[in-house]
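Examination of the molecular architecture
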Amino acid sequence: MSEFNIVWRKYNLRDNPYFIDPLTISNDKVPITVFTGRDSETKKLISLINSGSERILIIGNAGVGKTSFVNYVRARAREGRFFSPSSEIELNYVMAGQEFLVSTLSSLYREIKLQNLLLSEETMLELEQIYSLTRFLDKKNSELQSLNFGRLKELFKRTVKEIVHPRHKGIIIHYDNIDNIEETEEIPKMFGEIRDVLLTDNVTFIFVGNTFLPDDIGYQQRVRQIFYFPPIEITELGFQEIKEILNRRIEHLSISENPEIPHTEEALKILFELYSGNIRHILRSLSACVLYLAPSNNPTKIDEYLLKEILVKKVKEDYLNGLTAAEKDVLVKMLKYGGEITPTELSKITHKAVQNISSFYLARLKRKTAVEAVRKEGRNIYYSVRPEIKWWLLETEHKEKRENKVTEIIDKKLTGFMA
């Protein structure tokens, strides 16, 4: 048998149902219509969009499905005669006002071309010129700041007016990944610069980030007062919702009437409890299990026993191998702490010097990619264990349980084959 095989075909599936990329308006793998749940949040966001020009914050922990949620609502709005670019705009570093407008205008221009909209010749020519600058978008490039901000704002407002009248009810622009911005102390300055742009009529601006986003935009009254509060918070999904999401994905990716579900409900429950419903971490874990299996012509279902066996092996091979006992002890303390932690706090619970924690233990664990710096607040840097390190917690289960399961199957189902 060849060592090369299409893993998912064994399950009668066209592709990996555990993909972690957000659902998008133009997704070729799985359509946005498979989106499930979030009914109350959907009604609220639709209501805000229908109210006219708004500035909306969508917040939540990483991996809970914020981007998919916004894309789903935007897809529905597009069906209701709202104009919205197919792709969200990445806002993962602090932009000057000119660069923000260049990114926004370029996104609008791409969608205008895709939809074959006819705008005035002057507007299309200027948009094409602005679009040609997108290759220079880079947080290290300050050349775009030499552009006339007033003229860019005028072009933006004119473009909005020509798109909306008489074709559309309004425009929705989605900015994503703000929680990836490292220089958070500069975010208030950015929002201060673009405040007047955000007040453009007939445009709903949606910004997606973590739960710190409301604080990150700053406390200047002139800026905060233009945003809708409270933000729409996207929390972890329930077990039945995640189960339904996976069932709908598998149904869509099926290449036969009887696809094999690669996991059992018990395995899914274990991961749901391990990650408190964070769907990204659940999907990543299930995918890791299937891809870890030895090549075979037959589909292997990931049950609770196989799940634990594989994930414990993987965490040891990928992250723990080569760590000293002292380094593992620090990692265990971080794991049990259960959240973001500073070197000072870690020093207190490990009884090790802060200098050693920062310069040695955390540095070593970062090199092993077992921990990561997640945010900075003043002088404090907050660290967290990688989600995969939680697989280590599954080792507490008795190793012989899987052996007992095999014996049980033989005793109950295969007695006729026994000598």
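Presented here is a report on the structure given in the accompanying data block. (Residues numbered from 1 in each chain as written. Predicted model: local features only at pLDDT ≥ 70, side-chain atom pairs only at ≥ 80, totals over all residues. Heavy atoms only, no water.)

1. A closer look at the overall build of the protein
A count of helices and strands for the protein gives 16 helices and eight strands. Residues counted as buried form 47% of the 419 residues belonging to the protein. Sequence-distant contacts in the protein: of pairs separated by 6 or more residues, those separated by 24 or more amount to 75%. With the model as given, the accessible surface of the protein reaches about 21,500 Å², and the carbon-plus-sulfur share is 47%. Both charge centroids of the protein, one from 60 positive and one from 59 negative side chains, sit 1 Å from each other. (Helix = DSSP H or I, 4+ residues; strand = E, 2+ residues; numbered from the N terminus. Buried < 20%, exposed > 50% of the residue type's maximum accessible area, 1.4 Å probe, protein only. Contact = heavy atoms within 4.5 Å. Areas by Shrake-Rupley, 256 points an atom, 1.4 Å probe, with all protein chains shown as cover. Lys, Arg positive; Asp, Glu negative; His and termini not counted. Charge placed at Lys NZ, Arg CZ, Asp CG, Glu CD.)

2. Comments concerning the pairing of strand β1 (residues 54–59)
A regular strand places its side chains on the two faces of the sheet in alternate fashion. β1 sits mainly inside the fold: six of its six residues count as buried. Residues of β1 alternate between two faces, with Glu54, Ile56 and Ile58 on one and Arg55, Leu57 and Ile59 on the opposite face, all of them buried. With six bridges connecting them, β1 and strand β5 (residues 203–209) associate as parallel partners. Bridge assignment links Ile58 to a residue of β5, and that residue is Val208. Note that β1 and strand β6 (residues 232–233) share two bridges and pair parallel. Each residue of the ladder has a partner; that of Ile59, found in β6, is Glu233. (Pairing = 2+ DSSP bridges.)

3. Thoughts on the pattern of salt bridges
Close approach of charged atoms lets side chains of opposite charge pair. Using the criterion set out here, one finds 16 salt bridges in the structure. Between Glu126 and Arg158 there is a salt bridge, with its nearest N and O atoms 3.0 Å apart. Of this pair, Glu126 sits in helix α4 (residues 121–131) while Arg158 sits in helix α5 (residues 149–164), and the two are 32 residues apart along the sequence. Residue classification places Glu126 among the buried positions, given a relative accessible area of 18%. Residue Arg158 is classed as buried on the basis of its relative accessible area of 15%. Lys333 is paired through a salt bridge with Asp329; the nearest N and O atoms lie 3.0 Å apart. Residue Lys333 and its partner Asp329 are located together in helix α13 (residues 325–337), separated by four residues, close to a single helical turn. Given the relative accessible area of 27%, Lys333 is considered partly exposed. The structure contains a network of salt bridges with shared partners spanning Arg284, Glu372, Arg386 and Glu388. (Salt bridge = Lys/Arg side-chain N within 4 Å of Asp/Glu carboxyl O.)

4. As for the packing of helix α14 (residues 343–350) against helix α15 (residues 354–367)
One can describe the packing of α14 onto α15 by two numbers: an axis separation of 8 Å at closest approach and a directional angle of 105 degrees. Classified by the interaxial angle, the pair formed by α14 and α15 is roughly perpendicular. Two secondary-structure elements touch here, α14 through Pro343, Thr344, Leu346, Ser347 and Thr350 and α15 through Val354, Ile357, Ser358 and Leu362. Split by residue class, the contact of α14 with α15 holds five nonpolar, four polar and no charged. (Axes fitted to C-alpha atoms, helices over the stretch in contact; angles between N-to-C directions. Parallel < 35°, antiparallel > 145°, perpendicular 65-115°, else oblique. Nonpolar A, V, L, I, M, F, W, Y, C, P; charged D, E, K, R; others polar.)

5. Concerning unusual backbone geometry
With omega at 0 degrees, the peptide bond leading from His165 into Pro166 counts as cis. You can see Pro166 is positioned in the loop between α5 and β4 (170–176). With an omega dihedral of 0 degrees, the bond running from Phe229 to Pro230 counts as a cis peptide bond. Considering the arrangement of structural elements, one finds Pro230 in the loop between α8 (221–224) and β6. With a phi angle near 60 degrees, Arg38 is a residue other than glycine that sits in the positive phi range. With a relative accessible area of 6%, Arg38 lands in the buried category. A positive phi angle, near 70 degrees, is found at Arg81, a position not held by glycine. Inspection of the secondary structure assignment puts Arg81 in the loop between α2 (66–79) and β2 (82–83).

6. So, the packing of α13 against α15
Packing of α13 against α15 leaves a shortest axis separation of 10 Å and a crossing angle of 80 degrees. By the angle between their axes, α13 is roughly perpendicular relative to α15. In this structure, α13 contributes Ala326, Glu327, Val330, Leu331 and Met334 to the contact, and α15 contributes Phe360, Tyr361, Leu362, Arg364 and Leu365. Partitioned by chemical class, the residues of the contact of α13 with α15 number eight nonpolar, no polar and two charged.

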